[in-house]
Amino acid sequence: MVLASWTFWAVLSAVFAALTAIFAKVGISGINSDFATLLRTVVVLISLALILYATGQYQSLSSIPARSYLFLVLSGLATGASWICYFRALQLGQASQVAPVDKLSVVLVAVLGVTLLGERLDLRQWAGISLVTLGVVMLAWR
């Protein structure tokens, strides 16, 4: 079975997200979780800058529409808040509980996609979202 382009990258994202949780849980031992988030962010920033430089993907800042700037800034702020909360949760809880609860974002994206972006989900997709919710509850509840 050949994976569609988005599927390939989404699966890789899931693999790296899983590694993120495990590496972070080990890495935050004995240090402040907010400082750990800063260190992680610096690594992400440097890595991305190197990738953009190596592949020649930089683009002129003036070529970016104001609306894109606004929503990318909002996305960045949301990412930062998510990372701070995620690292704090990892420091306080077990990775096997924190990571599934974090994946409630899947459910929230579906609901927000429908309500704010006008996306449409069929009955099968809503059933899947319901199962994700049930799975999170079952994994997080001890």
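Computed from a predicted structure; not experimentally measured.

### Thoughts on a nonpolar patch on the surface
Moving on, step 1. Taken together, the side chains of V11, V15, F16, L19, I22, F23 and V26 define a hydrophobic patch exposed on the protein surface, amounting to about 680 Å² of accessible area.
Moving on, step 2. With respect to the helices and strands, the residue L19 is situated in helix α1 (residues 5–27).
Moving on, step 3. You can call L19 partly exposed: its relative accessible area is 34%.

### Considering the environment of Q94
Moving on, step 1. Examined against the element boundaries, Q94 turns out to sit in the loop between α3 (66–92) and α4 (95–102).
Moving on, step 2. Remark: the alpha-carbon pair of Q94 and W9, spanning 85 residues in sequence, is separated by 27 Å.

### Focus: the pattern of salt bridges
Moving on, step 1. Taken as a whole and assessed by the stated rule, the structure comprises two salt bridges.
Moving on, step 2. Across the salt bridge formed by R88 and D34, the nearest N and O atoms sit 2.9 Å from each other. Residue R88 is located in helix α3, and its partner D34 is located in helix α2 (residues 33–55); the two are separated by 54 residues in the primary sequence.
Moving on, step 3. We classify R88 as partly exposed; its relative accessible area is 36%.
Moving on, step 4. Here D102 makes a salt bridge to K103, at a shortest N to O gap of 3.1 Å.

### Remarks on the packing of aromatic side chains
Geometry of an aromatic ring pair is reported as the spacing of the ring centres plus the angle between the planes.
Moving on, step 1. Applying the stated criterion across every chain, the model contains two aromatic pairs.
Moving on, step 2. Here the aromatic rings of F8 and W9 are separated by 5.1 Å at their centres, their planes lie at 80 degrees, and the arrangement is edge-to-face.
Moving on, step 3. A cation over an aromatic ring shows up here: R40 above the ring of W83, its NZ or CZ 4.3 Å from the ring centre.

### Quick word on the domain arrangement of the protein
Moving on, step 1. For the protein, the domain assignment lists domain 1 (1–93) and domain 2 (95–141).
Moving on, step 2. Averaged C-alpha coordinates put domain 1 and domain 2 at centres separated by 20 Å.
Moving on, step 3. Each partner contributes to the interface: domain 1 provides eight residues, whereas domain 2 provides five residues.
Moving on, step 4. Taken over both partners, the interface formed by domain 1 and domain 2 buries close to 490 Å², and the fraction arising from carbon and sulfur atoms is 76%.
Moving on, step 5. Contact with domain 2 buries area across many residues of domain 1, yet Y86, L90 and G93 alone supply 57% of it, more than any other trio.
Moving on, step 6. Across the domain 1-domain 2 interface, the total number found is zero salt bridges.
Moving on, step 7. Taken together, the links from domain 1 to domain 2 amount to zero residue pairs in polar contact (both at pLDDT 80 or more).
Moving on, step 8. Only α1 and α3 provide two or more residues apiece to the side of domain 1 that touches domain 2.

### Digging into the UniProt feature "transmembrane region" (unreviewed entry) in the protein
Moving on, step 1. Per the UniProt record, "transmembrane region" (unreviewed entry) is found at residues 6–26, 38–56, 68–89 and 123–141.
Moving on, step 2. Measuring from the first to the last C-alpha atom of residues 68–89 gives 31 Å, for a span that is 100% helix and 0% strand.
Moving on, step 3. As annotated, residues 123–141 has a helix share of 95% and a strand share of 0%, and its two end C-alpha atoms lie 27 Å apart.

Conventions we followed
- Residues numbered from 1 in each chain as written.
- Predicted model: local features only at pLDDT ≥ 70, side-chain atom pairs only at ≥ 80, totals over all residues.
- Heavy atoms only, no water.
- Patch = residues over 30% accessible without salt bridge, like charges linked within 9 Å, V, L, I, M, F, W, Y side chains within 5 Å.
- Areas by Shrake-Rupley, 256 points an atom, 1.4 Å probe, with all protein chains shown as cover.
- Salt bridge = Lys/Arg side-chain N within 4 Å of Asp/Glu carboxyl O.
- Helix = DSSP H or I, 4+ residues; strand = E, 2+ residues; numbered from the N terminus.
- Buried < 20%, exposed > 50% of the residue type's maximum accessible area, 1.4 Å probe, protein only.
- Phe/Tyr/Trp six-rings, centres within 6.5 Å; stacked < 30°, edge-to-face > 60°.
- Lys NZ or Arg CZ within 6 Å of the ring centre and 35° of its normal.
- Domains from an automatic or database assignment.
- Contact = heavy atoms within 4.5 Å.
- Buried area = accessible area lost by both parts, 1.4 Å probe.
- Polar contact = N/O pair within 3.5 Å; in protein donor to acceptor, adjacent residues only side chain to side chain.
- UniProt positions renumbered as here; feature names shortened; annotations may be inferred.

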